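Here are the chains, one letter per residue:
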Amino acid sequence: MAGAAGRSGDLEYAEFAANRSGALYRSACLLTGGDTHLAEDLVQETLSRMYVVWRRPGRLFGGRAIENPAGYAQGVLYRQFIDHHRRRSSTERPVAELPDLPGPQDDSTLRMTLLQALAQLAPRDRAVLVLRYWEDVSVEETAEILRCRPGAVRSQASRALARLRTLLGEGLADLAQR
């Protein structure tokens, strides 16, 4: 009986992973400033951590059931991203320019400008902006995911947006109109 339940759980997890990996990857690409290799690593780590939780009876974490696995996975991804920057080796160095990526030609300059500007923000600032304005997550949910207070999310989002505006300068409106 336990074997059948385990296989059923594995199938449920495989379906969950297949359905959520695209959204997780898009978020990870934004968080990493377009570093697709790091984004893939973050998604892989997120999915592996989700598998461990998925296998627990009742899908418990910290003594309580996970009611929203997709939201929980997003939180794991954001925490993985922040943790990655905390533990990054001192020998690693980011590159100045991203490799060319195929995509639509009409918005590539704008997209690359935004990715480069996002990459210059602190990891936690990036996480707040992506959660709030890309994922459209509420202040309260963002605070829960990042394990901080809603007031901290508001002030961090405000400061990060101001920094992003400074980085993008006046030329953003011109890029957006192309």
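See the structure above.
Attention in this report is confined to the structure presented alongside it. Along each chain, residues carry numbers from 1 onward, in the same order as the chain's sequence is written. In keeping with the predicted nature of the model, local features appear solely for residues at pLDDT of at least 70, side-chain atom pairs appear and are counted solely at 80 or more, and the whole-chain, interface and lining totals rest on all residues. Values reported for side chains reflect all heavy atoms of the structure, with hydrogen atoms and water molecules removed beforehand.

Secondary structure elements are taken from DSSP: a helix is a run of H or I of four residues or more, a strand is a run of E of two residues or more, and numbering for both begins at the N terminus. With respect to the secondary-structure elements, R132 resides in helix 5 (residues 123-134). For the exposure calls, accessible area comes from a 1.4 Å probe over protein chains only, and a residue counts as buried if that area is under 20% of its type's maximum, exposed if over 50%, partly exposed in between. In this charge count, Lys and Arg are treated as positive and Asp and Glu as negative; neither His nor the chain ends contribute. Between Lys or Arg on one side and Asp or Glu on the other, a salt bridge is scored when a side-chain nitrogen of the former is within 4 Å of a carboxyl oxygen of the latter. Buried within the structure, R132 lacks any salt-bridge partner; its nearest side chain of opposite charge belongs to D136, at an N-O separation of 5.5 Å. A 3.5 Å cut-off defines polar contacts: any pair of N or O atoms within that distance qualifies, except that in protein one atom must be a possible hydrogen donor and the other a possible acceptor, and neighbouring residues in sequence count only when both atoms are side-chain atoms. Within polar-contact distance, the side chain of R132 engages the backbone oxygen of V137 at 2.6 Å.

Right, let's talk about the packing of aromatic side chains for a bit. When the centres of two rings from Phe, Tyr and Trp lie within 6.5 Å, Trp using its six-membered ring, the rings pair. Their planes under 30 degrees apart give stacked, over 60 give edge-to-face, and anything left gives tilted. This model, assessed by the stated rule, comprises four aromatic pairs. Ring geometry for Y13 and F16: centres 6.4 Å apart, planes at 40°, overall tilted. One end of the pair is Y13 and the other is F16, both in helix 1 (residues 2-31) and three residues apart, which spans about a single turn. Its relative accessible area of 10% is what places Y13 among the buried residues. Taking the centre distance of 5.8 Å and the plane angle of 70° together, the rings of Y13 and W54 count as edge-to-face.

In this section: the environment of Q156. Within the secondary structure, Q156 is located in helix 7 (residues 150-168). Judged by relative accessible area, Q156 falls into the buried class, the value being 12%. C-alpha of Q156 to C-alpha of D125: the two residues are 31 residues apart in sequence and 6.5 Å apart in space. With near-sequence residues (within four places) excluded, Q156 lies in contact with R124, D125 and V128. Note on contacts: a residue pair is in contact if any heavy atoms of the two residues lie within 4.5 Å.

Fitting a line to C-alpha atoms yields each axis, with helices limited to the stretch in contact; the angle taken between N-to-C directions then spans 0 to 180 degrees. It is at 9 Å that the axes of helix 3 (residues 69-87) and helix 5 come closest, and there the two elements cross at 165°. In this view, helix 3 runs roughly antiparallel relative to helix 5, as classed from their interaxial angle. Here the hand of the crossing between helix 3 and helix 5 comes out right-handed. Only P123, R124, R126, A127, V130 and L131 of helix 5 make contact with helix 3, whose side of the interface consists of Y78, F81, I82 and H85. Split by residue class, the contact of helix 3 with helix 5 holds seven nonpolar, one polar and two charged. Angles below 35 degrees are treated as roughly parallel, those above 145 as roughly antiparallel, those between 65 and 115 as roughly perpendicular, and all remaining angles as oblique. By convention, the crossing between two helices is left-handed when the near helix turns anticlockwise from the far helix through less than a right angle, and right-handed when the turn is clockwise. Residues are grouped as follows: Ala, Val, Leu, Ile, Met, Phe, Trp, Tyr, Cys and Pro are nonpolar; Asp, Glu, Lys and Arg are charged; all remaining types, including Gly, are polar.

Our focus in this paragraph is the pattern of salt bridges. Throughout the structure, instances matching the rule amount to one salt bridge. The partner of E45 in a salt bridge is R49, and the shortest N-O contact between them spans 2.7 Å. Remark: R49 and E45 occur in helix 2 (residues 36-54); sequence separation between them is four residues, near one turn of the helix. Exposure remark for E45: the relative accessible area of 30% places this residue in the partly exposed category. Classification of R49 by relative accessible area gives partly exposed; the value is 41%.

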